[in-house]
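# Reading the structure
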Amino acid sequence: MTNPVERSAYRNERGNTQSLGAVPSVEYGLIRAHVFASLVTLVFSVLFGILVATKFTFPEFLGGRGWLTWGRLRYNHTQGIFFGWLGNAFLAFFYYVVPRLANRPVLSRKLGWFLFGIWNFAVVLPGWTLVAAGFSQPLEWAEFPLVVAAFVVLAFILMVFQFVLPFLKARLSELYVSGWYIIGGIIFTMLAYPVGNLVPWLVPGARGAAFSGLWIHDAVGLYVTPFAVAIAYYVIPATTRLPISSHFLSMVGFWLLFFVYPLNGTHHYVYSAIPMAAQKGAIVASAYQGMDVILVVTNLLLSLPGSSGTASKDVPLRFVWFGVVSYLVVSLQGSVQAFMPVNRFIHFTDFVIGHSHLAMIGFASFIALGGIAHLWQRIPGTRYNERMMNWSFWLLAVGLTLMVTDLTIAGLVEAQVWQSSAPWIDSVRAVGTYWLVRTLSGLPILAGFVLFWISLVTGPRLSEAIVSETSRMASEDKAAFEDGSAAAHEFTLTGWLSNAHVIAFGAGVGFFPLSFLVLAILPGKELAHEIQRVAPVTMPTLTASEQRGRVIYGREGCAYCHTQQIRSLAADVRRFGAPTEAWETKYDYPQLWGTRRIGPDLSREFNLHPRDWQLTHLYNPRFVVRDSVMPPYPWLFSGSANQPTQEGLDLLAYLQSLGRARQLSGFERQPLASSVHTATADMAMPKEASARATPPSVPIAMTGGYSDSAPVLHPASNPGDLQEEVSRGAALFAANCASCHGSTGRGDGKASASLLPKPANLTAARFADERLSSVLWNGITGSAMPPWRQLPAEDLRALVAYIHSLHVESAPPSTQVSTTLGQAKSLFAAACASCHGDAGGGNGPAAGVLAPAPTNFHLKKPTEERAWEVLENGVPGTAMVPWQSQLSADQRHALVEFVRSLYGTPQEKSGQ
Amino acid sequence: MMNLIVIVISAIMLGLLLAWWLSPAFRAWIEAPKHFMLRQERRFDDAASGSRSQAKQRDPE
């Protein structure tokens, strides 16, 4: 439906104001359709978001099916907000405002319906469906697969014809700031979106990340922001009927935004392998961006002098006002986050998630809601329920405030834990409550959006265009308008400046190559040179299975919780190893650096965890890490963790390849022990790549293995203190060990079914302090037992005390043995000593190549039952084979007795 | 890079401020769109009111 007024013949060149004539037609049908589509997709997108948030608290919730897994829902949440909600809302606003600003109708109603179809039925719906089915891109703000991205580009090309062409045809010299933002935003996004989607597939790793970083920021800064600011600049004067404070300042804001926003992108990769010049350029641009927003917001708020009453009474204006204030807060927050002293702490944390929700809801969505509510009151045949709208506002405001505050604090808590040496899982535990509150805060937000929708379909039908009482009271400002027009006539700059639309077009086109040249192409050249110079000649590529695993890694959204970039920061290096260098990512198409850490960085996963641990962890992470919030991936298995499908094996292969190139290349050039300490001194950002190789690829705290520095942890001798240690150890054991060893320590935890060798039955042996200390400090190579040396010494000591308390003395031997101890000694020498050593010290000739190492009977003292069981059945997953068929029962009993005679260290024995 | 950004932005800002400071006609020209926008808004409101009034006259319900 359109209004029945003929097209205008208005034309204004060189400042000659002519009769404006009749008003151009407005496509009300398209406005309604886009508003409806925006609200439907908004509710779905928010539901996706609430599901994603819920899974942080209940990771098993809806976790059995791939299409409902965290990663795919997360993709659909953000893409739904981006395209479904905001895209449709912006389009609705364009149909309302372009005829007003260009004084011409949009190009074509048919084109409009075609665009509507493309946007919703070739982008949003297929995008959601394909992502749920496992077809996506692991690129932030570009998650819909390339086939969908092609339709997005087509849609933006159509938008140029539909919305930009009317401005070009009108050739207005008096192009209002909202028009500038609309033209600039459409042109820039049309150019930047395909680059952000395609280039990371063509340019690998760090070089691709430079492009991705630009698009991540352009998506928010040059798609969301210009259109939201355009709405704010329109709704405020249209409601108050007063001109904005300064159109000059609005234009300064526009130019600054289009100049500096595209230069912000690399601030997502501060302390990364991207050249420091580009990083610092992005940081400076971020600072300017903050200043620009102060300018814009000041101008917008100054446009409400004496209209504070209007802002409180007029709910749409109140939505916009809230959005403008949020714009100021979130932009200043963003600028500060880019500064290196702040970035080093809060980057990758929930602080940034709070920031992005403030941007997308507080700023963009509030303004879009205000814009929709504003235009809804001014199109024929609509209903409007002001009471509901008011409730919607307050629910959204309260929910958002709670969410952002909660996530901000959660981010600070995470940052604090990450700076310490505590195990990674401690940071997950520390913010569990905050994640629950975040989920709950989503409920009023969802209710607010639903009420907003209801407010547009209930209430009285609007029969007259609403012009608020305040607006009527306001001067129509006719005198000012005429004065301005008259003065403008005197301003006879050359034609190029009067053709504002051409300049806006140039802003979009001109700044696009500039930003990519400065922050992506030039740094990319530098990176390519460095890679050529530094990369090992024999750097292995991924196998076909690993490549397939990489696709699965991207499909399931792993990069949204695990980074693959260790920053040049002491805290990162101490925890994960040497900073990621550009050459390590030379085969990564597209890059999977990630911008968030819920789980640890995975750059150095090679040799970090054994195969059985990885598979068990993928099947159900809580089988091996009790408090993990990682989603389970049962669809990669055929019913159990030790039956992976080909996809499961592929993902495993990929995970185990991460960091392989670095470790196999011999890139380490200094001894590990000394380099760990130098790496923790402070930020490591030397110019010479060789110097950056100083820290080890993986900290020995994570990899385990024999270490001379392992302390011997003796529990307290005082009974009172010992009891306290045992209690403390029990709690630590339940949190960190029981998943594998079982709640009673019998080696029957949830993970035991799929781990090989099985977790030790801690009740079936008495361990020397030295043995427990060594295992806790180093882990057990060749098994799933990791090192726990990140825990404080008092915690490790408490664990030693608790494990001692688990030992149950067995009954005395029940079988008469005819084989003598002497014969047993000969048997041991013949059958066991090659691994366990002549004296049972676990140091036989074969021991050096066995993993796990053979038992040292001086330090680990199995019960008689356990020793008998091992002789009968062997230890699956180790070199210990069953001896049932090779030795008689008598011989085995004799061996048990002989082994028990080896217990204790020589010192202990001599003491006896 | 940092210097380039600072210099370019400073030059643009200086140019705009000088134009604003030295030319009243520039000020009037650059402020004119905000009045144009309001006038357009009024025209569209009037047109919408007019068309609804006509519709009401045809159909009193």
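## Some details on the overall build of chain A
- Secondary structure summary: chain A contains 36 helices and two strands in total.
- A buried classification covers 56% of the 912 residues belonging to chain A.

## Brief notes about the overall build of chain B
- Counting its regular elements, chain B contains two helices and zero strands.
- For chain B, the residues scored as buried account for 33% of the 61 residues in total.

## A word on the nonpolar core
Residues and elements named next belong to chain A.
- Membership of the largest hydrophobic core comes to 263 residues, with the highest contact counts inside it found for Tyr-95, Ala-228, Ile-231, Ala-232 and Ile-367.
- No other element matches helix 6 (residues 205–240), which puts 23 residues into this core.
- Look past the residues within four positions of Ile-231 in its chain and what remains in contact with it is Phe-93, Ile-367, Ala-368, Gly-370 and Gly-371.
- Residues Cys-832, Ala-867, Ala-894 and Phe-898 belong to the second largest nonpolar core, which totals 13 residues.

## Points about the packing of helix 3 (residues 109–133) of chain A against helix 4 (residues 146–170) of chain A
Residues and elements named next belong to chain A.
- Taken N-terminus to C-terminus, the directions of helix 3 and helix 4 make an angle of 160°; their axes are 9 Å apart at the nearest point. The angle between the axes of helix 3 and helix 4 places the two elements in the roughly antiparallel class. Where helix 3 crosses over helix 4, the two elements pack in a sense that is left-handed. Of the residues in helix 4, those in contact with Leu-111, Gly-112, Leu-115, Ile-118, Trp-119, Ala-122, Val-123, Pro-126, Gly-127 and Leu-130 of helix 3 are Val-148, Phe-151, Val-152, Leu-154, Ala-155, Leu-158, Met-159, Phe-161 and Gln-162.
- Looking at side-chain class alone, the contact of helix 3 with helix 4 contains 16 nonpolar, three polar and no charged residues.

## Some thoughts on the domain arrangement of chain A
Residue and element names in this part refer to chain A.
- Domain annotation for chain A reports domain 1 (28–465 + 493–519), domain 2 (544–699), domain 3 (719–806) and domain 4 (821–911).
- A C-alpha centroid distance of 32 Å is found between domain 1 and domain 2.
- Each partner contributes to the interface: domain 1 provides 40 residues, whereas domain 2 provides 39 residues.
- For the side of domain 1 that touches domain 2, the secondary-structure elements that each account for two or more residues are helix 1 (28–57), helix 2 (70–102), helix 5 (177–202), helix 6, helix 13 (386–419) and helix 14 (424–430).
- A breakdown of the residues in the side of domain 1 that touches domain 2 according to their chemical character gives 19 nonpolar, 13 polar and eight charged.

## Examining the packing of helix 10 (residues 315–338) of chain A against helix 13 of chain A
Residues and elements named next belong to chain A.
- The interhelical angle for the contact between helix 10 and helix 13, taken along N-to-C directions, is 15°, at an axis separation of 10 Å. In terms of axis orientation, helix 10 runs roughly parallel to helix 13. The two elements helix 10 and helix 13 meet at a crossing, and its hand is left-handed. Contacts from Val-315, Arg-318, Phe-319 and Phe-322 in helix 10 reach Glu-386, Met-389, Asn-390, Phe-393 and Ala-397 in helix 13.
- Residue composition of the contact of helix 10 with helix 13, grouped by class: six nonpolar, one polar and two charged.

## Overview of helix 15 (residues 432–457) of chain A
- In a regular helix each residue adds 1.5 Å, so 26 residues correspond to 38 Å; helix 15 of chain A covers 39 Å between its end C-alpha atoms and thus fits that length.
- Gly-459 of chain A, located one to two residues past helix 15 of chain A, shows a positive phi value of around 85°.

## Notes on unusual backbone geometry
Residues and elements named next belong to chain A.
- Tyr-589 connects to Pro-590 through a cis peptide bond whose omega is -10°.
- Among the structural elements, Pro-590 can be located in the loop between helix 21 (570–576) and helix 22 (611–619).
- Even without a glycine there, the phi angle at Arg-241 is positive, about 60°.
- Mapped onto the fold, Arg-241 is located in the loop between helix 6 and helix 7 (247–260).

## Some remarks on the environment of Trp-29 of chain B
- Mapped onto the elements, Trp-29 of chain B comes out in helix 2 (residues 24–58).
- Separated by 13 residues in the primary sequence, Trp-29 of chain B and Arg-42 of chain B have C-alpha atoms spaced 21 Å apart.

## Re helix 28 (residues 719–736) of chain A
All names here are of chain A.
- Along its 18 residues, helix 28 runs 25 Å from first to last C-alpha, staying within 8% of the 26 Å computed at 1.5 Å per residue.
- Taken residue by residue, helix 28 has Glu-725, Val-726, Gly-729, Phe-733 and Asn-736 as its buried positions. Seen from one end, helix 28 has its buried residues packed into an arc of 110°, which puts them on one side. Residues of helix 28 that are exposed and point over 90 degrees away from its buried face: Gly-720 and Ala-731.

## Side note on the confidence of the model for chain A
- When pLDDT is averaged along chain A, the result is 86; 87% of the residues meet or exceed 70.
- By mean pLDDT, helix 16 (residues 469–473) of chain A is the weakest element of chain A at 39, and helix 3 of chain A is the strongest at 98.

## Focus on the environment of His-609 of chain A
Residue and element names in this part refer to chain A.
- Note on placement: His-609 falls in the loop between helix 21 and helix 22.
- The exposure class assigned to His-609 is partly exposed, which follows from the 19 C-beta atoms found within 10 Å.
- A C-alpha to C-alpha distance of 14 Å links His-609 and Ser-754, two positions 145 residues apart in sequence.

Conventions adopted
- Residues numbered from 1 in each chain as written.
- Chains lettered and ligands numbered in written order.
- Predicted model: local features only at pLDDT ≥ 70, side-chain atom pairs only at ≥ 80, totals over all residues.
- Helix = DSSP H or I, 4+ residues; strand = E, 2+ residues; numbered from the N terminus.
- Buried ≥ 20, exposed ≤ 12 C-beta atoms within 10 Å, placed from the backbone.
- Core = buried A, V, L, I, M, F, W, Y, C linked by C-beta atoms within 7 Å.
- Contact = placed C-beta atoms within 7 Å.
- Axes fitted to C-alpha atoms, helices over the stretch in contact; angles between N-to-C directions.
- Parallel < 35°, antiparallel > 145°, perpendicular 65-115°, else oblique.
- Left-handed = near helix turned anticlockwise from the far one by under 90°.
- Nonpolar A, V, L, I, M, F, W, Y, C, P; charged D, E, K, R; others polar.
- Domains from an automatic or database assignment.
- Expected span 1.5 Å × (residues − 1).
- Arc of directions from axis to C-beta.
- pLDDT = per-residue confidence, 0-100.

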